[in-house]
Amino acid sequence: MEYDIAFIGGGLANSLAAYRLKQIRPDVKFLIIEKNRTLGGDHTWSFHDTDVSPASHDWLHPFVVAKWAQQEVHFPAFRRTLDVGYNVIKSHRLHEIAGDVLEENVLLGKTVEHLARNQIILSDGTQINAHSVLDGRGWKPNSELVLAYQKFVGLEVELKNPHQQNKPVIMDATVPQIDGYRFIYILPWDERRLLIEDTYYSPNSSLDQDQISDRITQYAEDNGWEIETIVDIEKGVLPIILGGDIQSIWRTNTNDIGLSGLAAVNFNFTTGYSLPDAVRFAESISSIENFEAKHLHEFTRDYSMDLWKRGQFNQLLNRLLFKAALTPEERVNIFQRFYRLSENLICRFYAGISTHYDKIRILSGKPPVSLLRAIRCIPSQSAYD
Ligand SMILES: Cc1cc2nc3c(=O)[nH]c(=O)nc-3n(C[C@H](O)[C@H](O)[C@H](O)COP(=O)(O)OP(=O)(O)OC[C@H]3O[C@@H](n4cnc5c(N)ncnc54)[C@H](O)[C@@H]3O)c2cc1C
């Protein structure tokens, strides 16, 4: 075998895993194959300080292009500043840093056509052999999962004048409610440059980029921000999990191929964000001793099943948002109520480590939706309900 492990796809999950593997286990022979000319695609990934462990921050910090000490949320009833650091990683930095360290371990501009237990065939016919294969080619539609979506269009804009917004606004839900739960997300890059993202928690995945861009322009205008240029446009449709059968992914994967990132459904089921989990996965893969195909397959399957089990509470909350909250006011109230809770609880929720007490706190008190409708949402949903 030429390699111990072949990483298929050089997106977020596989790039971080390969980077960390190289740092901790230089003895492991691996190759990362990416169809594009750069690693990581073209994304802006954000995360809270508390989403990853202090030890992970140590190796992750070269990737961070911007950092703020605080963040804000805006709701009809209140505004709140959270004393929680907020970080941003951009794809170009991921490519620069990981590309430098990985060097000869990276094959860019090569599309994988066929995967088997120990063999990869590229579209140009090249055959590569490896003890194990880790497929991180991103999200694959799956009819056995019950989904809703977090979808957004973001405009990076240069303003004519300074905007006076000195910290990220991770949720401004004071905007008119359209298409599910709507909020604006803002990152202030510098005194005149902003990323303004119009975001929707919606049961459907359709995204009208022109219409949403117009709404962003209107929002800027309402805030007294005059746009000089639109520097960049970013859009995304992220899956939100309401229920279903995770086993289906592994049942159909009979070839002992490991899965990572979105391909393994490794993300926060409420936000659709996968960076914190990609970091944890990178930590854990470096501790594997045996890179035989069967072992890697079982390791990644157990990892993803465990995440699924821990994400049951998020799935319940998602069902409350999409099935029990029927009016825009009810949906805004769910988030408004959540953001009145303690800072530590909010951080644990985003990090995916809510305690039993946190869960009781999130669900207790005057319910923002009808109790009867909420109770109907408790049973886990299969794709056939
Ligand atoms: C616009 C956008 C913004 C996001 N922002 C955030 C955020 O702020 N925070 C957060 O935590 N999450 C965010 N996410 C969600 C999630 O973190 C990303 O989708 C993340 O990139 C998923 O990582 P991944 O490695 O699973 O898949 P991807 O990053 O999609 O990687 C898959 C890789 O496989 C490659 N590939 C596919 N097919 C082949 C093939 N046949 N041969 C070779 N290579 C192939 C692709 O080119 C790609 O590079 C965002 C998503 C989007 C779309």
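Because the structure is a prediction, the values reported are computed rather than measured.

Summing up its helical and strand segments, the protein chain has 12 helices and 17 strands in all. A compact globule built from 385 residues should have a C-alpha radius of gyration of about 21 Å, and the protein chain, at 21 Å, falls within 12% of that. Within the protein chain, the proportion of its 385 residues that are buried is 41%. Put simply, of all contacts in the protein chain between residues at least 6 apart along the chain, 77% involve residues at least 24 apart.

If you trace the three strands from one edge of the open sheet to the other, you get S3-S7-S4, paired in antiparallel fashion. Of all the strands in the sheet, the pair left with one neighbour each is strand S3 (44–48) and strand S4 (64–68). In this sheet, adjacent strand axes meet at a mean angle of 20° when their direction is disregarded. Where S3 meets strand S7 (residues 86–90), five bridges bridge the pair, whose relative direction is antiparallel. Its bridge partner being in S7, Phe47 is matched across the sheet by Asn87.

Attention now moves to the sheet that holds strand S13 (residues 169–172). Here we have seven strands laid out as an open sheet, ordered S6-S5-S13-S14-S15-S12-S16, and mixed in their pairing. Two strands close off the open sheet at either side, each with one partner strand: strand S6 (79–82) and strand S16 (227–244). In this sheet, adjacent strand axes meet at a mean angle of 15° when their direction is disregarded. Judged from the 15 bridges that link them, strand S12 (residues 145–159) and S16 form a sheet pairing that is antiparallel. Paired with Glu158 across the strands is Thr229, a residue of S16. Contacting S12, strand S14 (181–188), strand S15 (193–202) and S16, helix H8 (residues 312–324) runs over the sheet at an angle of about 110° to S16.

The environment of the ligand is formed by 30 residues, the closest being Gly9, Gly11, Gly236, Gly261 and Tyr273. Contributions of two or more residues to the shell around the ligand are made by helix H1 (12–24), strand S2 (30–34), S3 and S16. In terms of residues, the shell around the ligand owes the most to one element, S3, which gives four residues. Structurally, the shell around the ligand is a two-domain feature, drawing no fewer than three residues from each of domain 1 (3–64 + 87–141 + 245–310) and domain 2 (145–241).

Further remarks concern the domain arrangement of the protein chain. You can read the domains of the protein chain as domain 1 (3–64 + 87–141 + 245–310), domain 2 (145–241) and domain 3 (314–376). Contacts between domain 1 and domain 3 engage eight residues on the former and eight residues on the latter. Its residues assigned to classes, the side of domain 1 that touches domain 3 comprises two nonpolar, four polar and two charged.

Take the packing of H1 against helix H6 (residues 275–285) next. Direction vectors running N to C along H1 and H6 enclose 35°, while the axes themselves pass 8 Å from each other. Classified by chirality, the crossing of H6 by H1 is right-handed. Packed against H1, whose contacting residues are Leu12, Ala13, Leu16, Ala17, Tyr19, Arg20 and Leu21, the element H6 presents Leu275, Ala278, Val279, Phe281, Ala282, Glu283 and Ile285 at the interface. Of the residues that constitute the contact of H1 with H6, the class distribution is 12 nonpolar, no polar and two charged.

Looking now at the pairing of S7. Of all five residues in S7, four are buried, a share of seventy percent or more. The pairing of S4 with S7 spans four bridges and is classified as antiparallel. Bridge pairing in S7 links Ala66 to Val88.

On to the environment of Leu187. Following the sequence through the fold, Leu187 ends up in strand S14. Looking at Leu187, the number of C-beta atoms within 10 Å reads 23, which means it is buried. In this structure the C-alpha to C-alpha distance between Leu187 and Pro168, which are 19 residues apart in sequence, comes to 4.7 Å.

Trans is the prevailing form of peptide bonds, just as negative phi is the prevailing case for residues other than glycine. In this model, Glu103 sits at a positive phi of 35°, which is unusual for a non-glycine residue. Inspection of the secondary structure puts Glu103 in the loop between helix H3 (91–102) and strand S8 (106–108). Among the residues examined, Glu103 registers 9 C-beta atoms within 10 Å and is labelled exposed. Unlike most non-glycine residues, Gln164 shows phi in positive territory, near 65°. Here Gln164 shows up in the loop between S12 and S13.

Moving on, we come to the packing of H1 against H3. Interaxial distance between H1 and H3 falls to 10 Å at its minimum, and their mutual angle equals 40°. Judged by the inter-axis angle, H1 sits oblique to H3. The interaxial crossing formed by H1 with H3 has left-handed handedness. Taking contact as the criterion, the partners of Ser15, Ala18, Tyr19 and Lys22 in H1 are, on H3, Leu94, Ala98, Val101 and Leu102. Taken together, the residues that form the contact of H1 with H3 break down as six nonpolar, one polar and one charged.

The biggest cluster of nonpolar side chains holds 97 residues, and the ones touching the most others in it are Ile5, Ala6, Phe7, Ala17, Phe30 and Ile196. For this core, the element with the most residues is S12, which contributes eight residues. Among all residues touching Phe30, those that are not within four sequence positions of it are Tyr3, Asp4, Ile5, Ala6, Phe7, Ala18, Leu21 and Asn105.

Turning our attention to the environment of Gln119. Of note, Gln119 is situated in strand S10 (residues 119–122). Distance from Gln119 to Ser132, taken between C-alpha atoms, is 8.3 Å for residues 13 residues apart in sequence. Not counting the four nearest positions on each side in its chain, Gln119 is found in contact with Gln127 and Asn129.

So, how was this worked out
Residues numbered from 1 in each chain as written. Predicted model: local features only at pLDDT ≥ 70, side-chain atom pairs only at ≥ 80, totals over all residues. Helix = DSSP H or I, 4+ residues; strand = E, 2+ residues; numbered from the N terminus. Rg over C-alpha atoms; globule rule 2.2 N^0.38 Å. Buried ≥ 20, exposed ≤ 12 C-beta atoms within 10 Å, placed from the backbone. Contact = placed C-beta atoms within 7 Å. Pairing = 2+ DSSP bridges. Axes fitted to C-alpha atoms, helices over the stretch in contact; angles between N-to-C directions. Near = placed C-beta within 6 Å. Domains from an automatic or database assignment. Nonpolar A, V, L, I, M, F, W, Y, C, P; charged D, E, K, R; others polar. Left-handed = near helix turned anticlockwise from the far one by under 90°. Parallel < 35°, antiparallel > 145°, perpendicular 65-115°, else oblique. Core = buried A, V, L, I, M, F, W, Y, C linked by C-beta atoms within 7 Å.

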